[in-house]
Amino acid sequence: MQVFIYILKRILQSIPLLIIVSLISFFIIRLSPVDPLAELRLNPSVSKETLQKETERLGLDKPIIVQYGKWAKSFVKGDLGITSNGEQVSTKLKERIPNTLLLAVVVIFMTWIVGVPLGVLAALRWKSKTDRILTVLTSIGMAIPSFFFAVLLLLFAVKTGWFPVGGLTSSNFSEMSFGGKFWDLAHHLVLPVTVLFTISLAGLQRQMRANLLDVLDSDYVKFAKAKGLSEFKVVYKHALRNAINPMITLLGFEFAGLLSGAALTEYVFQYPGLGRLILEAVLRSDINLVMASLMMGAIMLILGNLIADILLIITDPRIRVKGGVS
């Protein structure tokens, strides 16, 4: 029961954060001299009634603080408005959010599956040739800009023809069998996942190495070795459990970094995700789409941090005792 109370408290604490994010985003966008309905007015398929309705909904003829209040009221009601192309914002978000979540989940899963064992290996082989090689490789991974790396892979795909150069699925995706759909989806994910995986892996592996080295140097580990416990028990039963706890805390930040870093990667590979949607909406000054996308991104980040906190409570009994959670 205490865990559910803790989750409820965290959710309530996130409400002021969402309000601050929405305030900053809204005022920055509205302070721009560009008319937020400019492209909508140029779209011949959008009727005058629709334009009038959007003008009234956003309160464009009223002070900016009133405009924010109208937007916030509409957002809470679920009325996200229409895009500059005349489409429903909610429809666009439903199309893009699952794609971004798919990309983020695949990258995080692969990063942890590979990064944690490599970090443990580097710590156990400290100052050896293996450790030095891994340190060099991770340094290269951290130094490569994601946008530059994405462009290089895109050129590689164009030259070789081995991978699709854009999109999430092929044009005949709906006609494929289940196995064919899975392969086609995986084939399209290879390049964007490779870019984000390489950048994320470098930081995770180095952090895991540093954490385990710090724990292995602690007094209780030295005492366990002095008692005659095997290296396997000392490392994997005692040291690793304490070394991995800070990594769980970083899970929420890693999720946040993926959402922000994925924007440019999605744009390069024309991946239909939330990051690319936000970039395109900002370039068009599409206030409805920008605000809704930013809020959805903020909510996803808060959920990522909440999941990390819950996992930390489950894996670390000290936090449950300290926080009164049982």
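What comes next is a walk through the structure. What you see is a predicted model; the values in this text were computed from it and never measured. (Residues numbered from 1 in each chain as written. Predicted model: local features only at pLDDT ≥ 70, side-chain atom pairs only at ≥ 80, totals over all residues. Heavy atoms only, no water.)

**Section: the overall build of the protein chain**
Piece 1. Helix and strand content of the protein chain: 13 helices and 0 strands.
Piece 2. Sequence-ordered secondary structure for the protein chain, helices as α and strands as β, is α-α-α-α-α-α-α-α-α-α-α-α-α.
Piece 3. The burial tally for the protein chain puts 41% of its 326 residues in the buried class.
Piece 4. Sequence separation of 24 or more characterises 74% of the internal contacts of the protein chain that already satisfy a separation of 6 or more.
Piece 5. Carbon and sulfur atoms make up 68% of the accessible area of the protein chain, which amounts to about 18,100 Å² in all. (Helix = DSSP H or I, 4+ residues; strand = E, 2+ residues; numbered from the N terminus. Buried < 20%, exposed > 50% of the residue type's maximum accessible area, 1.4 Å probe, protein only. Contact = heavy atoms within 4.5 Å. Areas by Shrake-Rupley, 256 points an atom, 1.4 Å probe, with all protein chains shown as cover.)

**With respect to the side chain of Gln205**
Piece 1. By the element assignment, Gln205 lies in helix α8 (residues 178–216).
Piece 2. Apart from the residues within four sequence positions on either side, Gln205 is in contact with Gly115, Leu118, Gly119, Ala122, Leu134 and Thr138.

**Some details on the side chain of His188**
Piece 1. Position of His188 relative to the elements: it lies in helix α8.
Piece 2. With relative accessibility at 7%, the residue His188 sits in the buried group.
Piece 3. Sequence-distant contacts of His188, defined by excluding residues within four places in its chain, comprise Pro164, Gly166, Gly167, Leu168, Thr169 and Ser170.

**Observations regarding the pattern of salt bridges**
Piece 1. For the coordinates displayed, the defined rule picks out 1 salt bridge.
Piece 2. Arg209 is the partner of Asp131 in a salt bridge, and the nearest nitrogen-oxygen pair spans 2.8 Å. Of the two residues, Asp131 sits in helix α6 (residues 129–143) while Arg209 sits in helix α8, which places them 78 residues apart along the sequence. Of the two residues, Asp131 and Arg209, neither departs from the other in class, the shared state being buried. (Salt bridge = Lys/Arg side-chain N within 4 Å of Asp/Glu carboxyl O.)

**Quick look at the packing of aromatic side chains**
Piece 1. Enumeration according to the criterion identifies 7 aromatic pairs in this entry.
Piece 2. Taking 6.0 Å as the distance between ring centres and 35 degrees as the angle between the ring planes, the aromatic pair formed by Tyr68 and Trp71 counts as tilted. With Tyr68 and Trp71 both in helix α4 (residues 64–77) and 3 residues apart, the pair spans about one turn of that helix.
Piece 3. What makes Tyr68 buried here is its relative accessible area of 13%.
Piece 4. The exposure class of Trp71 is buried, given its relative accessible area of 6%.
Piece 5. Between Phe156 and Trp162 the ring centres are 5.5 Å apart and the planes differ by 85 degrees, which places this aromatic pair in the edge-to-face class.
Piece 6. Classification of Trp162 as exposed rests on a relative accessible area of 56%. (Phe/Tyr/Trp six-rings, centres within 6.5 Å; stacked < 30°, edge-to-face > 60°.)

**Looking at the nonpolar core**
Piece 1. Trp71, Leu93, Trp112, Met208, Leu212 and Leu274 are the most contacted members of the largest nonpolar core, which has 49 residues in total.
Piece 2. Taken together, the elements giving at least two residues each to this core come down to α1 (2–30), α4, α5 (89–124), α8, α9 (219–226), α10 (231–268), α11 (274–283) and α12 (287–315).
Piece 3. Looking at this core element by element, the count peaks at 11 residues for α12.
Piece 4. In contact with Met208, not counting residues within four places along its chain, are Val116, Gly119, Val120, Leu240, Ala243, Ile244 and Met247.
Piece 5. By size, the runner-up hydrophobic cluster in this structure holds 10 residues, among which are Leu103, Val193, Leu196 and Leu201. (Core = buried A, V, L, I, M, F, W, Y, C linked by side-chain atoms within 4.5 Å.)

**Section: the packing of α6 against α8**
Piece 1. Close contact between α6 and α8 brings their axes to 8 Å; oriented N to C, the two are set at 135 degrees. By the angle between their axes, α6 is oblique relative to α8. For the pair α6 and α8, the crossing hand works out as left-handed. Here Asp131, Leu134, Thr135, Thr138, Ser139, Gly141 and Met142 of α6 lie close against α8, whose contacting residues are Thr198, Ile199, Ala202, Gly203, Gln205, Arg206 and Arg209.
Piece 2. The class makeup of the residues in the contact of α6 with α8 is 4 nonpolar, 7 polar and 3 charged. (Axes fitted to C-alpha atoms, helices over the stretch in contact; angles between N-to-C directions. Parallel < 35°, antiparallel > 145°, perpendicular 65-115°, else oblique. Left-handed = near helix turned anticlockwise from the far one by under 90°. Nonpolar A, V, L, I, M, F, W, Y, C, P; charged D, E, K, R; others polar.)

**Let's talk about the environment of Leu229**
Piece 1. Residue placement: Leu229 occurs in the loop between α9 and α10.
Piece 2. Residue class for Leu229 comes out partly exposed when judged on its relative accessible area of 32%.
Piece 3. Leu229 has contacts with Ala224, Val234 and His238, leaving out every residue within four places of it along the chain.

**Some remarks on a nonpolar patch on the surface**
Piece 1. Taken together, the side chains of Leu8, Leu12, Ile15 and Ile19 define a hydrophobic patch exposed on the protein surface, amounting to about 370 Å² of accessible area.
Piece 2. Examined against the element boundaries, Leu12 turns out to sit in helix α1.
Piece 3. The class of Leu12 is exposed, set by a relative accessible area of 52%. (Patch = residues over 30% accessible without salt bridge, like charges linked within 9 Å, V, L, I, M, F, W, Y side chains within 5 Å.)

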